[in-house]
Every structure is written in structure tokens, then in C-alpha cells.
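# What the coordinates show
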2 protein chains.
Amino acid sequence: MDLSRHPTSFTTRYQQIAAQLEHELRNNYRCGDYLPPENQLAERFAVNRHTLRRAVDELVDRGWLQRRQGVGTLVLMRPYDYPLHSQARFSQNLLDQGSHPTSERLLSVLRPCTEHVATAIGKQEGDTVIHLRTLRRVNNVPVCVIDHYLPDLRWWAALQHFRSGSLHDFINSQLKEPLNRHSTRISARRALAKESQLLEIVPQAPLLCVRTLNTCDSSGSVAEYSVSLTRADMIELTMEH
Amino acid sequence: MDLSRHPTSFTTRYQQIAAQLEHELRNNYRCGDYLPPENQLAERFAVNRHTLRRAVDELVDRGWLQRRQGVGTLVLMRPYDYPLHSQARFSQNLLDQGSHPTSERLLSVLRPCTEHVATAIGKQEGDTVIHLRTLRRVNNVPVCVIDHYLPDLRWWAALQHFRSGSLHDFINSQLKEPLNRHSTRISARRALAKESQLLEIVPQAPLLCVRTLNTCDSSGSVAEYSVSLTRADMIELTMEH
DNA sequence: TCCCATTTGTACGTATGTATG
DNA sequence: CCATACATACGTACAAATGGG
């Protein structure tokens, strides 16, 4: 595949090489393999090592390669395994956060909160919070991972019995605390390595990120701050006004 | 602030410079400003231009700077805002769609609607609709492009006088038709080539996509269907409940 | 329209540092 | 301690894009 003579669109040398490497990664490499050393590749493509590195940079940025100083360049890319749901897009109500009847608990710990969480829930960095992580599947396909942060440590004992289902229902029925949605922030970004693994998507795939602050119905104090990451290729959020 | 003698952690020269630049961005620059030319900065830091570029690369990757070939390096970061989140982001109310006072008209045509638009507004594929495209900038940085589809062709004459400002305000004042938000769908995907060009982002960068259906206050019929594409690195949507 | 200065983008060359096994 | 391979840095040159004269 000669990409050097591409009539329609101008590409730089390093972009050509990146495209060529990407093609070879898909066909000739498997996850866990190492690329040939930069010197060899540079020689093969007849470019300076810097130019070759610039091409590899692109693929590292896309999450398909990982550099290991003194060792080599590791191949992370998997062959595409989900050709199916390019079309299928589920809808999900914007208010569904934390109330998925199908979600499953992945994590349940007490931990000092980060600055980000502290700011959101109005506590100090390092204050202990309950941290739950749940994963929602649709048709057994993971679509959404949610981190829940709860500042009221008195809930800890009860929450340890939460295994699956709707967290908000659980809190409502077990702790008699109906939660009120206070504010929501919606953003999008690329998936990080661990996230793409968890959600079984290619690295760098776009994610919808919904951050929700829930307050206690009774006292009005912050009860839960949740951050959900949703596969943007499968889910869209809907809202009726 | 001398970062060159940092006892605890080893930092490379370009990392020191990136940290220094980040510090200066916060204190001495505002969104929309331009950095001094790379040559000047390189001279100031007494490094090669490549080294300086490597430092700037870091801040570009973090979304705080944006390069414009032939022009300069644009500052995106808002002062006083950063320490809270890992990513400095503007916020935009979820209800802002079509009502940006700063938006500018890019396109204004009559055209047969696609199946997608036809489905949304409840007409037949091929039926003529008014199609407007507007671009919103913040501090002269493009952040959001919106396609508006309006089925009522009687508005065409009046709408041709719309140049900039808030489209919804224009419709309200010129056509005496207050619009009502009916439903909203939010998704995310990677930018296509043309979109990334228009929004001045790298290809494949994640976009927030908000599709809104607005109805006439009076008749309740569909008045406008809009599709907005927003740079996810700069804008997040907020909602108070 | 064309040219020109400015600024970023790409590419080559070279040298040395750092990490790994 | 050494060979290998990636990381950083300096130097140089030219290309491409932009904006102004």
C-alpha cells in the first residue's frame, strides 16, 4: 500500500508513515508485540529518526502504541471486535444517573477524596468519602461506568450490602433518604486506557461524561456526587421539557 | 519562579518551561490572547526552538493553547479558573441553543431536507426547509457550530435579514413567534474533517452534539430543529434542576 | 494581484542522557 | 559494565499559511 502518491489530499511524510504503520499494526501485529526499533523503522522508511518518531507519536497519542524507554515500542491495538453497533444507538433519559436497574457494583471503598471531588461536594481535599463504582450493561454489553461519591459515612455499613440494581432505589428504601437532583454537568472527552478496557471500546473513543450532584430531600445537604462515563457510540441522552 | 532547581522531582527542560508557561498563562494572559512567537520565547528561555515547541506541545495537548499556522499560538485558558478541574472548561447552559448573542451566520439556504431532518420535524424527505448555519465564538475562538432547520417557509424572507446575534431573539422580535423547547438529545462523537476545520480542532477530536426540537409557543407545531456541534475541550453543558 | 515579512510546521543532522536487561 | 533503545536537546533549513503593503 503506497500512500506516498495520494492525489486528493496532501499528507506530510510523517502522516503517511503513521497511516502505513497503522495499517501494518492492524494486519501484521498483535497486542503485546513490539515494533522494530526506531532506527530500523527510520531506515526502512528512509527518513530521519525524528520523522519516524513523529509518526509514532501520532499512534501513541491515539493509544495504539506505548513507548517503553530502554525496551521498545509496545503494540496495544486490538483488531476491531465490535463491528456491530456502529448503528445501534440506545437512548437514555438524562435523569437516569444512578438509577439503572441493571447496574452492577464494581468497587466499594472508603477513601480520601481528591480535590475534584472535594470541590464538588463541598468538603476538604483528603476528607474521607464513600466511593462506589457501578457498571451498567445493555444486552450484556458494558455501556456506562459510574463513580459515586457519598460524604455521609453513616451510610457506609448499609451501602456495603448494595450489590446491583439501582443505587438510588437502594438508598431510598434502605436508608429512607430520597435523593434530589441538584445540578448536572455534561461534557465529552476521549476514553483513557483503563476506561476503554472497562467499556470494551477502542482507545480514544469518545465518551459522554455526566456529573451529577444529588442532595438529600430532607436536609438539602449534598448526598451524592456521581460521575458517569458512557459509550458515546451506543448511548445518547434525551430530555423532554 | 525558578523551576530549574526542583529538589524533589526530576524535570526535563521542556517540562520546566511548560510549567512556567502554564503559570504565566494563569496570571498574565486571558483567553483570546496570543503567545509571543516561538522564536522570542525560545530566546527568552535560552533554549532551541524545538525545545520550546515541545513545551508548548504539552499545553496544546492539555487544551490550553491552540496553534494557528502563520498567525501564532492562541491562549484558550481562562484565568483564575484552572486549579479546580484538570481541564479548564467554559460552561454553557443547556438551554442556550440558538440563543447565543455572539453567533454569526455562515449559511442561509432553502433545501430539500434529509431523512434525518424530515424525521425530526415530522415532514417528508425532500420537503423544502430553511437551513441556517451559525457559528458561535468565545473570545474570537470558534466553539460551536449550529445547523438550524425551519419548516415554515413563510419565515424565509424575514430570516434572510438575520446576520448575527441570537436567532431565537430574532424570530421572537421579527416574527413574533416565541419558541418553546420541546425535547433535547445529547450525544458525542468524533469530529469529521470539515467540522474540525471549522472549529479549529484536531481531526477526530470529541464533539458534543445537541439536537433540539423547538415548537411555536402559539400553535405548538414544530418551528425549528437544530443540531449543534460543540468543542468538547472547551465547553461543558450545565443544568440546574 | 502579487510580493513580502512573520509565524508556525516539517524535516534533516548530530550529540548526549536515561532506562533496561 | 556494556549494548540496545528510547528521550531530550541543539543546530539548520525550508515549506506552508497568514496578513499586510
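Structure: above.
The model shown is predicted, which means the values in this text are computed figures rather than measured ones.

The next point concerns the protein's contact with DNA strand C. By nearness alone, 23 residues border DNA strand C, and Arg13(A), His50(A), Thr51(A), His50(B) and Arg67(B) come closest of all. Within the side chain of Arg53(B), a nitrogen or oxygen atom sits 2.8 Å from a phosphate oxygen of DNA strand C. Among the secondary structure elements, those contributing two or more residues to the surface near DNA strand C are α1 (13-28) and α3 (49-61) of chain A together with α3 (49-61), β1 (65-68) and β2 (72-75) of chain B. Here the residues of the surface near DNA strand C sort into 5 nonpolar, 11 polar and 7 charged.

Moving on, we come to the interface of chain B and chain A. Taken together, the contact between chain B and chain A spans 31 residues of the former and 30 residues of the latter. Together chain B and chain A conceal approximately 2,500 Å² of surface at their shared face, both sides included; 52% is due to carbon and sulfur atoms. Remark: the boundary between chain B and chain A carries 4 salt bridges. Where Arg185(A) meets Glu236(B), a salt bridge forms, and the shortest distance between an N and an O atom there is 2.5 Å. Run the count over chain B and chain A and you get 8 residue pairs in polar contact (both at pLDDT 80 or more). The set of elements that each furnish at least two residues to the side of chain B that touches chain A consists of β7 (179-190), β8 (206-216) and β10 (235-240) of chain B. Here the side of chain B that touches chain A gets 10 residues from one element, more than from any other, and that element is β7(B).

Let us now look at the protein's contact with DNA strand D. Taken together, 23 residues lie near DNA strand D, and His50(A), Arg67(A), Arg13(B), His50(B) and Thr51(B) sit nearest. Taking all atoms of DNA strand D within 4 Å of the protein, the share assigned to sugar and phosphate is 67%. Arg53(A) is positioned such that a nitrogen or oxygen atom in its side chain is 2.8 Å from a phosphate oxygen of DNA strand D. Contributions of two or more residues to the surface near DNA strand D are made by α3, β1 (65-68) and β2 (72-75) of chain A together with α1 (13-28) and α3 of chain B. Of the residues that constitute the surface near DNA strand D, the class distribution is 5 nonpolar, 11 polar and 7 charged.

All names here are of chain B. Among the 11 residues that make up β8, 11 are buried, leaving the element largely enclosed by the rest of the structure. In this structure, β7 lies alongside β8, joined through 11 bridges in antiparallel fashion. Bridging across to β8, Arg189 finds its partner in Leu207.

Apart from glycine, the bulk of residues carry a negative phi angle, and the bulk of peptide bonds sit in the trans form. Of note in the backbone geometry, Ala46(A) takes a positive phi value of approximately 60° without being a glycine. Inspection of the secondary structure puts Ala46(A) in the loop between α2 (38-45) and α3. We note that Glu200(B) has phi near 60°; this positive angle belongs to a residue other than glycine. Structurally, Glu200(B) is set in the loop between α7 (193-199) and β8.

Now for the packing of aromatic side chains. Under the definition given, this model contains 4 aromatic pairs over all chains. The aromatic ring of Phe45(A) is capped on one face by Arg44(A), whose charged end is 4.4 Å from the ring centroid.

Residues and elements named next belong to chain B. Here helix α2 (residues 38-45) has its buried residues at Glu38, Leu41, Ala42 and Phe45. Within α2, the buried residues cover an arc of 100° as seen down the axis, which keeps them to one side. Those residues of α2 that are exposed and angled more than 90 degrees off the buried face are Asn39 and Glu43. Against the buried residues of α2 lie α1, α3 and β1. Ala46 sits one or two positions beyond α2 and adopts a positive phi of about 60°.

The next subject is the packing of α1(B) against α3(B). Packed helices, taken two at a time, are described by their axes: the angle between them and the distance between them. Residue and element names in this part refer to chain B. In contact at an axis separation of 8 Å, α1 and α3 are set at 55° when each is read in the N-to-C sense. One element, α1, and the other, α3, form an angle in the oblique class. The handedness of the crossing between α1 and α3 comes out as right-handed. Contact residues: Arg13, Tyr14, Ile17, Ala18, Leu21, Glu22 and Leu25 in α1; Thr51, Leu52, Arg54, Ala55, Val56, Glu58 and Leu59 in α3.

Analysis parameters
Residues numbered from 1 in each chain as written. Chains lettered and ligands numbered in written order. Predicted model: local features only at pLDDT ≥ 70, side-chain atom pairs only at ≥ 80, totals over all residues. Heavy atoms only, no water. Near = heavy atom within 4 Å. Polar contact = N/O pair within 3.5 Å; in protein donor to acceptor, adjacent residues only side chain to side chain. Helix = DSSP H or I, 4+ residues; strand = E, 2+ residues; numbered from the N terminus. Nonpolar A, V, L, I, M, F, W, Y, C, P; charged D, E, K, R; others polar. Contact = heavy atoms within 4.5 Å. Buried area = accessible area lost by both parts, 1.4 Å probe. Salt bridge = Lys/Arg side-chain N within 4 Å of Asp/Glu carboxyl O. Buried < 20%, exposed > 50% of the residue type's maximum accessible area, 1.4 Å probe, protein only. Pairing = 2+ DSSP bridges. Phe/Tyr/Trp six-rings, centres within 6.5 Å; stacked < 30°, edge-to-face > 60°. Lys NZ or Arg CZ within 6 Å of the ring centre and 35° of its normal. Arc of directions from axis to C-beta. Axes fitted to C-alpha atoms, helices over the stretch in contact; angles between N-to-C directions. Parallel < 35°, antiparallel > 145°, perpendicular 65-115°, else oblique. Left-handed = near helix turned anticlockwise from the far one by under 90°.

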